[in-house]
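Structural features, examined
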Amino acid sequence: MTLLDLRGVTAGYEGVPVVHDLDLTVAEGEVVALLGANGAGKTTTLLTVSGLLPALGGTIEVFGAEVHAGRRLRPSAVWGLARSGLAHVPEDRGLFFDLTAAENLRLGQPRRRSAADLDRVLGWFPALADILDRRAGLLSGGEQQMLALARAVVGGPRLLLVDEMSLGLAPIIVEGLLPVLRAIADDTGTGVLVVEQHVSLVLSISDRAYLLDRGRVAHAGTAAELAADADRIEAGYLGRVPADD
Ligand code: ATP
């Protein structure tokens, strides 16, 4: 089943488009990577899907229902999207620093609190078990990212949007976290749309990928297809020089 379907979407700020004519889908159990240089429009795309920015054109269907086209969603509609199973981990992680890790997790379970949900999440993020009583503001960057992901999935979302979880983290931490997204998709059928700068790493856990260049899709295909071109993508679109062998 297609969980997210963007057709011809234009998105931006104050009526000025920065994402143009975007077609993008995410199906149940799929991990889809959204790649691109700084300013390519990745965050704008996720904010628009969540209803935090109005789409300027095109159509967006979430769970088979058209949710917003060309108008700003009311807060109750944004909340409705979240309740129907859309979870968004923003770039800044959106944690409440004065609350403990456990309290942050409870905010991800607004309607019902189940020990089974917590156990399942701790299965994906076992390191959180030892720091549940610690305030989120005191956690390391990697622990905070784990907590942000855990809070997003503890309520059992059907579609998970993850914005640049590697920001400020050492590559070794990212190498540990990205496979958890794959496991969540495989274990629960959740569809995952992940923005990430570590091209090879994210392609290794993804099914498909889209590469944005100045707000337009420059490449779209299977992760294997894009991985075969990873050096060219890094050099041509992300401005990085491939490492010598
Ligand atoms: P990064 O990897 O740096 O986060 P990105 O691909 O997520 O980049 P966006 O944050 O979506 O890119 O930004 C796309 C364009 O929109 C950029 O040119 C940016 O300057 C512009 N932009 C972002 N936020 C705003 C805003 N609040 N108001 C106006 N323009 C904005």
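A short tour of the structure in this document, coming up. None of these values were measured; they are calculated from a predicted model.

1. Some points on the nonpolar core
Within the largest apolar cluster, 50 residues are counted, with the highest numbers of intra-cluster contacts made by Leu35, Phe125, Leu160, Val162, Leu181 and Val194. The contacts of Val162, once residues within four sequence positions are left out, are Leu46, Val89, Leu149, Leu181, Val192, Leu193, Val194 and Val195. Judged by nonpolar contacts, the second largest core, of 28 residues, contains Leu4, Ala11, Leu34 and Leu212.

2. Brief notes about the site of the ligand
In the vicinity of the ligand there are 13 residues, among which Gly39, Gly41, Lys42, Thr43 and Thr44 approach most closely. Contact distances for the ligand include 2.9 Å between an oxygen atom and a side-chain N or O atom of Asn38. Contact between the ligand and Thr43: an oxygen atom at 2.8 Å from a main-chain N or O atom of the residue. Burial of the ligand by the surrounding chains reaches 58%, relative to a free accessible area of 640 Å². It is helix α1 (residues 42-49) that provides the largest number of residues to the shell around the ligand, a total of 3 residues. In terms of residue class, the shell around the ligand is made up of 4 nonpolar, 6 polar and 3 charged.

3. Thoughts on the packing of helix α5 (residues 141-153) against helix α6 (residues 171-188)
Where α5 meets α6, the closest approach of the two axes is 11 Å, and the angle between their N-to-C directions is 10°. Here α5 lies roughly parallel to α6, going by the angle between them. Residues Gly142, Gln145, Met146, Leu149 and Val153 of α5 pack against Ile173, Leu177, Leu181 and Ile184 of α6. In terms of residue class, the contact of α5 with α6 is made up of 7 nonpolar, 2 polar and no charged.

4. Topic: the pattern of salt bridges
Tallied over the entire structure, the rule returns 7 salt bridges. For the salt bridge of Glu30 with Arg208, the shortest nitrogen-to-oxygen distance reads 2.6 Å. Residue Glu30 is located in the loop between β2 (16-27) and β3 (31-36), and its partner Arg208 is located in strand β9 (residues 208-213); the two are separated by 178 residues in the primary sequence. Residue Glu30 shares its accessibility class with Arg208, and that shared class is buried. Its salt-bridge partner being Arg135, residue Asp98 comes within 3.4 Å of it at the nearest N-O pair. A residue pair is termed long-range when its members are at least 10 positions apart, and Asp98 in the loop between β6 (86-89) and α3 (101-107) and Arg135 in the loop between α4 (115-124) and α5 qualify at 37 residues. We classify Arg135 as partly exposed; its relative accessible area is 37%. One continuous salt-bridge network, built from bridges that share partners, spans Asp5, Arg7 and Glu61.

Parameters at a glance
Residues numbered from 1 in each chain as written. Predicted model: local features only at pLDDT ≥ 70, side-chain atom pairs only at ≥ 80, totals over all residues. Heavy atoms only, no water. Core = buried A, V, L, I, M, F, W, Y, C linked by side-chain atoms within 4.5 Å. Buried < 20%, exposed > 50% of the residue type's maximum accessible area, 1.4 Å probe, protein only. Contact = heavy atoms within 4.5 Å. Near = heavy atom within 4 Å. Polar contact = N/O pair within 3.5 Å; in protein donor to acceptor, adjacent residues only side chain to side chain. Areas by Shrake-Rupley, 256 points an atom, 1.4 Å probe, with all protein chains shown as cover. Helix = DSSP H or I, 4+ residues; strand = E, 2+ residues; numbered from the N terminus. Nonpolar A, V, L, I, M, F, W, Y, C, P; charged D, E, K, R; others polar. Axes fitted to C-alpha atoms, helices over the stretch in contact; angles between N-to-C directions. Parallel < 35°, antiparallel > 145°, perpendicular 65-115°, else oblique. Salt bridge = Lys/Arg side-chain N within 4 Å of Asp/Glu carboxyl O.

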